[in-house]
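Results of the structural survey
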Amino acid sequence: MTSKSAAAAARATVYGYPRQGQNRELKKAIEGYWKGRVTADALRATAAELRAGNWRWLAEAGIHEVPTGDFSYYDHVLDTTVMVGAIPARHREAVTADALDGYFAMARGTQDVAPLEMTKWFDTNYHYLVPELGPDTVFAADSTKQVAELKEALALGPTARPVLVGPVTYLLLAKPAPGVPADFEPLTLLDRLLPVYAEVLADLRAAGAEWVQLDEPALVQDRTPAELNAAARAYRELGALPDRPQLLVASYFDRLGDALPVLAKAPVEGLALDFTEAAAANLDALAAVGGLPGKRLVAGVVNGRNIWVNDLEKSLATLGTLLGLADRVDVAASCSLLHVPLDTAAERDIEPQILRWLAFARQKTAEVVTLARGLAQGTGTVTAELAANRADLASRAGSPITHDPAVRARAAAVTEADARRSQPYAERAAAQRAHLGLPLLPTTTIGSFPQTGELRAARADLRAGRIDDAGYEERIKAEIQEVIAFQEKTGLDVLVHGEPERNDMVQYFAEQLTGYLATQHGWVQSYGTRYVRPPILAGDISRPEPMTVRWTTYAQSLTGRPVKGMLTGPVTMLAWSFVRDDQPLGATARQVALALRDEVGDLEAAGTSVIQVDEPALRETLPLRSADHAAYLAWATEAFRLTTGGVRPDTQIHTHMCYAEFGDIVQAIDDLDADVISLEAARSHMQVARELSAHGYPREAGPGVYDIHSPRVPSAEEAAELLRTGLRAIPAERLWVNPDCGLKTRGWPETRASLENLVAAARTVRTELPAS
């Protein structure tokens, strides 16, 4: 096909769309079901209505091929586990008794059965449920969900393309099941899994699928020759199936590298590649392998992970270059639009000109449609759109929001000494032990306590003017008093104020820093029914006044035990925001670090002896390619040390990380030079404690003994056994006892019981320690 005909054939598509609905209807329906207020049939009806609404809107907006199968009650990887029949043994009875309740039991656990482990989806803030596999795993196809949703979409009229997690990525995301040797490689199950995918593909073809998309984002990471050979074998076998739909293999988030020639040669009909800045190398690499003659190329030129308007002329130039490299070039966002909010039209509090800099899922869809039309029919058909886009880009570039000379001068003046503590850890540790007087195995929590309905109502009342500032502050004081009293009664050693005034660990700070924008309806799924509103880091960052000192010092006035000051670290402030894309991330991180350094100094001056700077996103933001790791970790660890480097030796600096794989960043954790780190460990059975020990980590650590992402209450003996496991890796004088993460999403009854058991476990294990 000629370049001209490839352009004429260009169509618009997306890989996935936000699931929650305009007003988070799905979240409300699912949580209502969990509480017994919504029936299963009502939940299914709400879900079907949301799916249909998405498909209708996408088709009316000009999307030529809508995705199906991307919708999920909880997580699309968990849906894949159900599709291939890889149900863990402990959940089979629940799934057999009731498929829906069993599904949620795998996601959330029950009082008697632990859930699947949860971790980050590549380098995003979305969490997936980790498949558990072993040599005895028996796969069995169950395409019920995928076929039903395809038929729903086709009944409405649009062309539909089912989207599945590809078999190679599924196995590479999996872990050995409990009791299976740690060195078991799930990818060895590929030959057993491929017939299941073949059956699902046949079912989808019979249901009317012309194309099926198989997502293989794991192939943008560094892969061994054996893994690349497995990918080649997988698509050679799937491509040879006699009765199947056409196959579109999709990758996103980064460049494909050595996997590109593998997929280019595979007997599949199309590839979907990311051509945004993070994966710009795909363009030259595609030309180097001779393009995709005879195949379909879906070009992801609209950033599906950030919220800035696309540079339409630049994207059209990229698309023009791609013509001639494939028989058909279609236009898409770079990945599923799951990772961005739904619609900027809902935002009433952002100045209209600034709002035009932003593109959420609906606006990105419109950009994809505009680019497809411009590619297929010529730029003359989109003249007005191009002119408006140029004006919006110029407005942003010239705005004083994006350029503060004072902030830039301060950042430029930073020296290496600014990012170092005044004394080495051993000397600091001695000073801190003398100052704080804590017991062996000190107990604490990560920071937040349950955000009750009363607290949320108080914030809503304040926004609506039903109560004044004084009334709201009295409510916050009462909550802090209750949290402190509970912690003292329970016997925790280092207390927290519970963060009742905070809506979100990033948003709370963003709303008090210059250079940030806050949304009212910019909800994005983090996991399950947990949605967050990432703030928008739009310009240069500074801190006009203290942000946390008042409530921390108030809490400290209520107790003689140390109360931790709680801050969100600079890397997490970037990772869990939609960050500006007009300067290097390291430069932005340094600005945020300097603002937070001022807050740390003010907390210390107000008498706070323990300050926690959370960095749960340090691992998740690690680039997907190892060649990019060193540069990232250099600026990320410097930003943390710049935040904390100015305190006295006897001020104890904590940090916290959760729900990620830490083994490959243990050196970076060491480089943070925090005095104490707390990490997720309950679902992974203390794996991180072993990793710290193997590295020779010299500081104090608190691998979590209570999984807060499940409603179940761990017994004191269960927590004690995890603590004993931790002690086999970390000596008692350096081991802390804490939950995996903050308690914001939990209810008070389970929180009380779990923390009482945690303290009881610490007391029990203390008695087992040898006398000093």
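Right, let's walk through the structure included here. Treat the numbers as computed from the prediction; the structure is a model and nothing was measured.

1. Re the sheet that holds strand β5 (residues 159-165)
The pairing of strands in a sheet comes from backbone hydrogen bonds and takes either a parallel or an antiparallel form. Pairing is parallel across the open sheet formed by seven strands, whose spatial order is β1-β5-β7-β8-β9-β10-β11. The open sheet terminates on both sides in strands that have one partner only, identified here as β1 (65-68) and β11 (326-333). Direction aside, neighbouring strands of the sheet carry axes that sit 25° apart on average. Sheet strands touched by helix α13 (residues 312-322): β10 (292-302) and β11. Its angle to β10, the strand with the most contacts, is close to 170°.

2. Overview of the sheet that holds strand β20 (residues 676-679)
Spatially, five strands are ordered β16-β18-β19-β20-β21 in an open sheet, and the strand pairing comes out parallel. The outermost strands of the open sheet, each flanked by one partner alone, are β16 (564-568) and β21 (700-703). Adjacent strand axes in the sheet meet at a mean angle of 20° when their direction is disregarded. Here four bridges tie strand β19 (residues 652-657) to β20, and the two strands are oriented parallel to one another. Bridging from a neighbouring strand, M657 pairs with L679 of β20.

3. Focus: the environment of D504
Relative to the assigned elements, D504 resides in the loop between α20 (469-490) and α21 (507-510). Between the C-alpha atoms of D504 and P535, which are 31 residues apart in sequence, the distance is 10.0 Å. There is a polar contact of 2.9 Å between the side chain of D504 and the backbone nitrogen of V506. A polar contact of 3.0 Å, which involves the side chain of D504, links it to the backbone nitrogen of Q507.

4. Some thoughts on the pattern of salt bridges
Scanning all chains against the criterion turns up 54 salt bridges. Where R223 meets E227, a salt bridge forms, and the shortest distance between an N and an O atom there is 3.5 Å. R255 is the partner of D628 in a salt bridge, and the nearest nitrogen-oxygen pair spans 3.3 Å. Highlighted residues: D628 in the loop between β18 (610-614) and α25 (629-644) and R255 in the loop between β8 (246-250) and α11 (259-265), separated in sequence by 373 residues. Of the residues examined, D628 reaches a relative accessible area of 28% and is grouped as partly exposed. Its relative accessible area of 23% is what places R255 among the partly exposed residues. Salt bridges linked by common partners bring R396, R408, D540, R580, D581 and D582 together as one network.

5. A short note on the packing of aromatic side chains
Applying the stated criterion across every chain, the model contains 18 aromatic pairs. Ring geometry for W121 and F122: centres 4.8 Å apart, planes at 80°, overall edge-to-face. A relative accessible area of 3% places W121 in the buried class. The exposure class of F122 is buried, given its relative accessible area of 8%. Here F122 and F253 contribute two aromatic rings whose centre-to-centre distance is 6.0 Å and whose plane-to-plane angle is 50°, an arrangement assigned as tilted. One end of the pair, F122, is in the loop between β2 (118-120) and β3 (127-129); the other, F253, is in the loop between β8 and α11, and 131 residues separate them in sequence. An aromatic cluster is present here, built from Y33, W34, F71, Y73, Y74, Y103 and F104 joined pairwise through their rings. A cation over a ring is seen here: R24 above W523, with NZ or CZ 3.7 Å from the ring centre.

6. Some points on the pairing of strand β7 (residues 211-215)
When you tally the buried positions in β7, you get five out of five residues, the bulk of the element. Going residue by residue along β7, you find W211, Q213 and D215 tucked away on one face and V212 and L214 tucked away on the opposite face as well. Relative to β7, β5 runs parallel, the two sharing three bridges. Its bridge partner being in β7, V163 is matched across the sheet by Q213. Relative to β8, β7 is paired through five bridges, and the arrangement is parallel. Within β8, the residue paired with D215 across the bridge is A250. Handedness of the crossover is the feature at issue here: the chain leaves β7, passes through helix α10 (residues 225-239), returns alongside β8, and the resulting connection is right-handed.

7. Regarding helix α16 (residues 383-397)
End to end, α16 covers 21 Å across 15 residues, agreeing with the expected 21 Å (1.5 Å per residue, within 8%). Among the residues making up α16, those that are buried are L386, N389, D392 and R396. Buried residues of α16 fall within an arc of 125° about the axis and therefore sit on the same side. In the core, the buried residues of α16 are packed alongside α13 and α14 (352-355).

8. Describing the packing of helix α17 (residues 405-412) against helix α24 (residues 585-605)
Two packed helices can be described by the angle between their axes and the distance between those axes. Orientation of α17 relative to α24, taken along the N-to-C sense of each, is 90°, at an axis distance of 10 Å. Taken as axis vectors, α17 and α24 run roughly perpendicular relative to one another. Packed against α17, whose contacting residues are V407, R408, R410 and A411, the element α24 presents R590, Q591, L594 and D598 at the interface. Taken together, the residues that form the contact of α17 with α24 break down as three nonpolar, one polar and four charged.

Procedures and definitions
- Residues numbered from 1 in each chain as written.
- Predicted model: local features only at pLDDT ≥ 70, side-chain atom pairs only at ≥ 80, totals over all residues.
- Heavy atoms only, no water.
- Pairing = 2+ DSSP bridges.
- Helix = DSSP H or I, 4+ residues; strand = E, 2+ residues; numbered from the N terminus.
- Axes fitted to C-alpha atoms, helices over the stretch in contact; angles between N-to-C directions.
- Contact = heavy atoms within 4.5 Å.
- Polar contact = N/O pair within 3.5 Å; in protein donor to acceptor, adjacent residues only side chain to side chain.
- Salt bridge = Lys/Arg side-chain N within 4 Å of Asp/Glu carboxyl O.
- Buried < 20%, exposed > 50% of the residue type's maximum accessible area, 1.4 Å probe, protein only.
- Phe/Tyr/Trp six-rings, centres within 6.5 Å; stacked < 30°, edge-to-face > 60°.
- Lys NZ or Arg CZ within 6 Å of the ring centre and 35° of its normal.
- Right-handed = clockwise from strand over helix to strand, strands pointing away.
- Expected span 1.5 Å × (residues − 1).
- Arc of directions from axis to C-beta.
- Parallel < 35°, antiparallel > 145°, perpendicular 65-115°, else oblique.
- Nonpolar A, V, L, I, M, F, W, Y, C, P; charged D, E, K, R; others polar.

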